[in-house]
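Listed below, chain by chain, are the residues.
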Amino acid sequence: RTFLKVQDGCNYSCSFCTIPLARGASRSDSISNIVNTAKEIASTEVREVVLTGVNTGDFGIQQGKREERFVDLVKALDEIEGIDRFRISSIEPNLLSDDIIEFVANSKRFVPHFHIPLQSVSNNILKLMRRRYQRELYVSRVEKIKSVMPHCCIGVDVIVGFPGETHEDFLETYTFLNELN
């Protein structure tokens, strides 16, 4: 297994994160350059490539403008011979489109796995965190994934003890995670 960085930086301003300050604005290489790198990897003994980035779903932003789309990148990579499996390392729920989910469901090489940061179930806490989604969107993404890939594995990030989080907020997140498919 190896890692292939397809994106770096972030244009989000989550209240708990210093990445935009440390890594700068979101930016990506081109699909053609990434495909060439993946072909070089395919000529080695590597059989799985994990696509990484600070905000992977923001792939395609170059010089402040969206030039290419993440779904087009995964489609191009799916055609590369010599790599058995591709995996998306992490993708924000608001950037995980139906197109991406449906493509992975029917892909030749992308594994049925998504890592989707949640952070909290409380819409109030998500607002304090300055996240770009609410609980309802997260639920709809998981429901969509499970409707087309019932066997799909979903990883989750959660932050506990965020300033302002009550015991009830914590229990709501805990219960939600235990009840979510």
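This structure is a prediction, so every number in the text was calculated from the model and none was measured.

Calculation criteria
- Residues numbered from 1 in each chain as written.
- Predicted model: local features only at pLDDT ≥ 70, side-chain atom pairs only at ≥ 80, totals over all residues.
- Heavy atoms only, no water.
- Helix = DSSP H or I, 4+ residues; strand = E, 2+ residues; numbered from the N terminus.
- Rg over C-alpha atoms; globule rule 2.2 N^0.38 Å.
- Buried < 20%, exposed > 50% of the residue type's maximum accessible area, 1.4 Å probe, protein only.
- Contact = heavy atoms within 4.5 Å.
- Expected span 1.5 Å × (residues − 1).
- Axes fitted to C-alpha atoms, helices over the stretch in contact; angles between N-to-C directions.
- Parallel < 35°, antiparallel > 145°, perpendicular 65-115°, else oblique.
- Left-handed = near helix turned anticlockwise from the far one by under 90°.
- Nonpolar A, V, L, I, M, F, W, Y, C, P; charged D, E, K, R; others polar.
- Arc of directions from axis to C-beta.
- Core = buried A, V, L, I, M, F, W, Y, C linked by side-chain atoms within 4.5 Å.

**Examining the overall build of the chain**
Then comes step 1: Counting secondary structure elements, the chain contains 7 helices and 9 strands.
Then comes step 2: Relative to a compact globule of 181 residues, whose C-alpha radius of gyration would be 16 Å, the chain shows 17 Å and is just as compact.
Then comes step 3: Put simply, the chain has 181 residues, and 46% of those count as buried.
Then comes step 4: For the chain, the proportion of contacts with a sequence separation of at least 24, taken over those separated by at least 6, is 72%.

**Comments concerning helix α6 (residues 135-148)**
Then comes step 1: When the terminal C-alpha atoms of α6 are compared, their 21 Å separation across 14 residues agrees well with the 20 Å that a helix rising 1.5 Å per residue should span.
Then comes step 2: Listed as buried for α6 are Tyr138, Arg141, Val142, Lys144, Ile145 and Lys146.
Then comes step 3: Contact partners of the buried residues in α6: α4 (98-106), β8 (113-119), β9 (153-158) and α7 (167-179).

**Some points on the environment of Asn33**
Then comes step 1: The topology assignment puts Asn33 in helix α2 (residues 31-42).
Then comes step 2: When the C-alpha positions of Asn33 and His115 are compared, they lie 25 Å apart, and in sequence the two are 82 residues distant.

**Considerations on the packing of α4 against α6**
Then comes step 1: In the contact formed by α4 and α6, the axes pass within 10 Å of each other and the chain directions differ by 25 degrees. Of the possible angle classes, the one that applies to α4 and α6 is roughly parallel. Every pair of crossing elements has a handedness; the one defined by α4 and α6 is right-handed. Residues Asp98, Ile101, Glu102 and Ala105 of α4 lie in contact with α6, whose contacting residues are Arg141, Lys144, Ile145 and Val148.
Then comes step 2: Here the residues of the contact of α4 with α6 are counted per class, giving 4 nonpolar, no polar and 4 charged.

**As for α2**
Then comes step 1: With 12 residues, α2 should cover 16 Å at 1.5 Å per step; its first-to-last C-alpha distance of 16 Å lies within 8% of that length.
Then comes step 2: Within α2 the residues assigned to the buried category are Ile31, Ile34, Val35, Ala38, Ile41 and Ala42. Down the axis of α2, the buried side of the element spans an arc of 115 degrees, and every buried residue falls inside it.
Then comes step 3: The inward-facing, buried residues of α2 contact β1 (2-5), β4 (48-52) and α3 (70-78).

**As for the nonpolar core**
Then comes step 1: Among the nonpolar cores identified, the biggest contains 42 residues, and Leu51, Phe70, Leu77, Ile88, Ile100, Phe110 and Phe114 are the most heavily contacted of them.
Then comes step 2: When contributions to this core are tallied by element, the ones reaching two or more residues are α2, β4, α3, β7 (85-88), α4, β8 and α6.
Then comes step 3: The dominant element in this core, judged by the number of residues it contributes, is α2, at 6 residues.
Then comes step 4: Counting residues in hydrophobic clusters, the runner-up holds 5 residues, among them Ile125, Leu126, Tyr133 and Phe162.

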